[in-house]
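# Observations on chain architecture
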Amino acid sequence: MTIKKFNYAKAYYLFKKIRSTEEKIIEIYESDVIKSPVHLSLGQESIAVGIALASNKKKDIVFSNYRSHAHFIAHGGDYKKMWAELFGKESGLSSGKAGSMHLGDLDINFIFTSAIVGSAISEAVGYALALKLKKLNSRVICYHGEGAMDQGTFWESLNFSALKKLPILFVCENNHLAIYSEQKKRMKTLNICKKVESFGVRSIKIEDNSTKNIFKYAHKALQGIGKNSQPVFLEINTYREVDHVGTNYDFELGYRKKDKQQLLKNLNELNYLKEKTKNFLQVEKKISKEISDALNYSYKSNFPKIKHIESNVTKE
Ligand SMILES: Cc1ncc(C[n+]2csc(CCOP(=O)(O)OP(=O)(O)O)c2C)c(N)n1
């Protein structure tokens, strides 16, 4: 088994890139150049970074959801095309017809996402079944929120993955919220891992947002999945900084309090990665350039032509 070393510079680059991207989205959202709703991952960056660094970019298949900017960037999706997609331009990932909630890039095995909560979970398990039947030595990584576990499809899929010993890593990003509804108002028992274990799936709970820790557990889990072909479930505690959808801070809505400690914890994590990165200035310069290049590309691109309205879409 090859043991991967945690690369601080790469982690800083990805974390900072995700954060800077979403801060840029917030900055320009009011100007209406972004043509779709956005679900931001600010506060949750370390999960995508730790998992992506632990994954095998060439082989692993990634299923995400509508809150996917962080996953998409961390796993190396086409960055310019992502921005163009948000702008609704024809040079985007889906010719500008899909928007933020449906990102995908098959060149990096990042399956197009959906706004239907939990829908990708059964698809991910189906993909893992195909990998196993075809004896392909790859693994599926399936990101979902704890809210998706309110759906029956999650438990059916989990059961099937355990029964058929499928090579899949479930990554539950537990931000304790489904829109404005707290986990404790939706679930009688909050011990998610215990429930998952009762289905015969090994589960690991990661309490904090240490990118290195997440990387470490994910790397080990992925190696075990590859070797034994069996599912593993990671629950990672996290904190959503902004509103469920859109670019506002929603603390005045009254359903939750601003948790300054959590906000600080995330910034501390970013600063920690920065301190460990000798050439952090170069890294930051590279990110700024990537963002401005992607924005230029998106501003300059055309909207899709009306005559193409029916191309690349599924017809009844
Ligand atoms: C099948 C379905 N039911 C309800 C919704 C409305 N909805 C959108 S996001 C969401 C919350 C999901 O929470 P979670 O899975 O924890 O993910 P998070 O948004 O916190 O990342 C809900 C209920 C939906 N899109 N699809």
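Reference entry: report on the structure contained in this document. (Residues numbered from 1 in each chain as written. Predicted model: local features only at pLDDT ≥ 70, side-chain atom pairs only at ≥ 80, totals over all residues. Heavy atoms only, no water.)

### Details of the sheet that holds strand 7 (residues 232-237)
- Pairing is parallel in the open sheet, where five strands are placed in the order 1-2-3-7-6. Taken across any chain shown, the strands that pair with only one partner, and hence form the sheet edges, are strand 1 (61-63) and strand 6 (202-206). Averaged over all adjacent pairs, the angle separating strand axes in this sheet is 15 degrees, with direction ignored.
- Each of strand 2 (140-145), strand 3 (168-174) and strand 7 touches helix 2 (residues 45-54); the most contacted strand, strand 2, lies at about 170 degrees to it.
- Each of strand 2, strand 3 and strand 7 is contacted by helix 6 (residues 152-163), which is oriented at about 150 degrees to strand 3, the strand it contacts most. (Pairing = 2+ DSSP bridges. Helix = DSSP H or I, 4+ residues; strand = E, 2+ residues; numbered from the N terminus. Axes fitted to C-alpha atoms, helices over the stretch in contact; angles between N-to-C directions. Contact = heavy atoms within 4.5 Å.)

### Looking at the site of the ligand
- Neighbouring the ligand are 15 residues; Tyr66, Arg67, Ala115, Gly147 and Asn175 lie closest to it.
- In the environment of the ligand, an oxygen atom lies 2.7 Å from a nitrogen or oxygen atom belonging to the backbone of Gly147.
- The separation between an oxygen atom of the ligand and a polar main-chain atom of Leu177 is 3.0 Å.
- Burial of the ligand by the protein amounts to 72% of the accessible area it has alone, namely 590 Å². (Near = heavy atom within 4 Å. Polar contact = N/O pair within 3.5 Å; in protein donor to acceptor, adjacent residues only side chain to side chain. Areas by Shrake-Rupley, 256 points an atom, 1.4 Å probe, with all protein chains shown as cover.)

### Thoughts on the pattern of salt bridges
- Scanning all chains against the criterion turns up 16 salt bridges.
- Between Glu182 and Lys185 there is a salt bridge whose closest N-O contact spans 3.5 Å.
- Classification of Lys185 as exposed rests on a relative accessible area of 65%.
- Close ionic contact of Lys274 with Glu284 constitutes a salt bridge, the shortest N to O distance being 3.4 Å. A residue pair is termed long-range when its members are at least 10 positions apart, and Lys274 in helix 9 (residues 260-275) and Glu284 in helix 10 (residues 280-300) qualify at 10 residues.
- Among the charged side chains, a salt-bridge network with shared partners connects Arg19, Glu23, Glu45 and Glu241. (Salt bridge = Lys/Arg side-chain N within 4 Å of Asp/Glu carboxyl O. Buried < 20%, exposed > 50% of the residue type's maximum accessible area, 1.4 Å probe, protein only.)

### A closer look at the environment of Ile141
- Note on placement: Ile141 falls in strand 2.
- The class of Ile141 is buried, set by a relative accessible area of 0%.
- Linking Ile141 and Ala124, residues 17 residues apart in sequence, is a C-alpha distance of 7.7 Å.
- In this view, Ile141 contacts Ile51, Ser55, Asp60, Ile61, Val62, Phe63, His75, Leu169, Val171 and Leu222; residues no more than four positions away in its chain are not counted.

### Some words on the pairing of strand 2
- Counting buried residues in strand 2 gives five out of six residues, a clear majority hidden from the surface.
- One ladder, built from three bridges, connects strand 1 with strand 2; its direction is parallel. Paired with Phe63 across the strands is Cys142, a residue of strand 2.
- Two strands pair when backbone bridges link them, and strand 2 and strand 3 are joined in this way by six bridges, in the parallel orientation. Bridge pairing links Val140 to Ile168 in strand 3.
- With helix 6 bridging strand 2 and the parallel strand 3, this β-α-β connection has right-handed handedness. (Right-handed = clockwise from strand over helix to strand, strands pointing away.)

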